[in-house]
Amino acid sequence: MAARGETSAEDPAGSEEVADLFRAIGRMIKAARERAGMSQRELGQRVGYGEEQISSIERGRRTPQPEFLVAVDELLGCGGLLALLAEDVERAKTRRRVRHPDWFQDYANLEARAVELCYFANQAVPGVFQTKNYARAVFASRQPFFDEETIERRVTARLARQELLSKWPPPTVSAIVQESVLRQSFGGPSVHREQLEHLVQVSRLRHVEIQVMPTVSEDHAGMGGPFTLLEIKGRPRMAYLEVQHVSRLISDPEDVRVLAAKYGSIRGQALTTRESVRLIEKMMGDL
């Protein structure tokens, strides 16, 4: 559901960006081929492709497979330039497979563009911090049941969101997670431990702060449920709510201000980042 006053984001799956990459690679291949004085038919014969396949790749209409890029790079003497793009192609192929549910798509696009993100989670570990096995356990526990294909599609989409943690420049990310969430053995002991270990690793990133809201706290400003605050450069801060697969993006300044004030109170009531890491490590030691 779009925010009040907010239009749906264009290019929801980033498909145009992926297409631009493939077109650019196609132009590079064409330039290298022509420099070598080779026709499309000749290039295809040398690498086991048909002339029409080479033409489609050069026009950006066909995905240039990584092994194809490596072979063409060597054949046309590109000095490793095309081979280096193989990793970018793999990431682009993953992006093309990403299909968020319609009700989540607007938020996913905004999250990927955010310069600051603040998560308060009291039901599950925030999606951007979930391991593959933890995410699978989350979707497998859903009622009514997802089929296996849907589970895998949702897991792929969730893991793709985590690219925001490694992009440059990275967004500032803070998260407050309820202690009870971290103590729940979601997916079993091995999945639980793997998830805790991952949280400790992520907390070492300079742009990430993770705090735990302790169960023993006598004060709790977050009893109204989980929420996310996000800020995109040049735009007012927004908020996102999600419960029982009903979502809402909030852009009304007063509504966002109230949630931001709540987040500030929760941060003050939670353990510090160092105390939080120590508690998570203690949980790991108790498993």
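Further up the page is the structure itself.
Let me sum up the structure you'll find in this document. Since the model is a prediction, treat every value here as computed from it, not as a measurement.

## Comments concerning the overall build of the protein
Across its full length, the protein holds 13 helices and 6 strands. Burial statistics for the protein: of 287 residues in total, 44% are counted as buried. The long-range fraction of contacts in the protein, counting pairs at least 24 apart against all pairs at least 6 apart in sequence, stands at 72%. Summing over all exposed atoms, the protein offers an accessible surface of approximately 15300 Å²; the carbon and sulfur share of this is 50%.

## Things to note about the pattern of salt bridges
Counted by the stated rule, this structure contains 15 salt bridges. Here Glu52 ties to Arg59 by a salt bridge, and the two come within 3.2 Å at their closest N and O atoms. In this structure, the salt-bridge partner of Glu116 is Arg237, at a minimum N-O distance of 3.6 Å. Of this pair, Glu116 sits in strand β1 (residues 116–121) while Arg237 is found in the loop between β4 (227–231) and β5 (238–243), placing the two residues 121 residues apart along the sequence.

## Concerning the sheet that holds β1
With mixed pairing, 6 strands are arranged side by side in an open sheet as β3-β2-β1-β4-β5-β6. Here the strands that pair on one side only, and so sit at the sheet edges, are β3 (208–213) and β6 (246–250). Averaged over neighbouring strand pairs, the angle between their axes works out to 10° when direction is ignored. Pairing of β1 with strand β2 (residues 172–178), which is carried by 6 bridges, proceeds in the parallel orientation. Its bridge partner lying in β2, Ala121 is registered against Val177.

## Quick word on the nonpolar core
Ranked by size, the top nonpolar core spans 39 residues in total, and within it Tyr107, Phe129, Leu182, Leu230 and Ile280 carry the most contacts. Tallying contributions element by element places helix α11 (residues 189–203) first for this core, with 5 residues. Non-local contacts of Ile280, meaning those with residues more than four positions away in its chain, are made with Leu182, Leu196, Leu199, Val200 and Val212. In terms of nonpolar packing, the next biggest core, distinct from the first, is built from 17 residues, Ile25, Leu43, Val72 and Leu76 among them.

## Quick notes on the packing of aromatic side chains
Scanning the model with the defined rule gives 7 aromatic pairs in all. Ring geometry for Tyr107 against Tyr240: centres 4.1 Å apart, planes inclined by 15°, an arrangement best described as stacked. Here Tyr107, found in helix α7 (residues 102–113), pairs with Tyr240, found in strand β5; they are 133 residues apart in sequence, far enough to count as distant. There is no split in this pair, since Tyr107 and Tyr240 are both buried. Judged by centre distance (6.5 Å) and plane angle (55°), the rings of Phe139 and Phe146 are tilted. One exposure class covers both Phe139 and Phe146, and it is buried.

Rules behind the numbers
Residues numbered from 1 in each chain as written. Predicted model: local features only at pLDDT ≥ 70, side-chain atom pairs only at ≥ 80, totals over all residues. Heavy atoms only, no water. Helix = DSSP H or I, 4+ residues; strand = E, 2+ residues; numbered from the N terminus. Buried < 20%, exposed > 50% of the residue type's maximum accessible area, 1.4 Å probe, protein only. Contact = heavy atoms within 4.5 Å. Areas by Shrake-Rupley, 256 points an atom, 1.4 Å probe, with all protein chains shown as cover. Salt bridge = Lys/Arg side-chain N within 4 Å of Asp/Glu carboxyl O. Pairing = 2+ DSSP bridges. Axes fitted to C-alpha atoms, helices over the stretch in contact; angles between N-to-C directions. Core = buried A, V, L, I, M, F, W, Y, C linked by side-chain atoms within 4.5 Å. Phe/Tyr/Trp six-rings, centres within 6.5 Å; stacked < 30°, edge-to-face > 60°.

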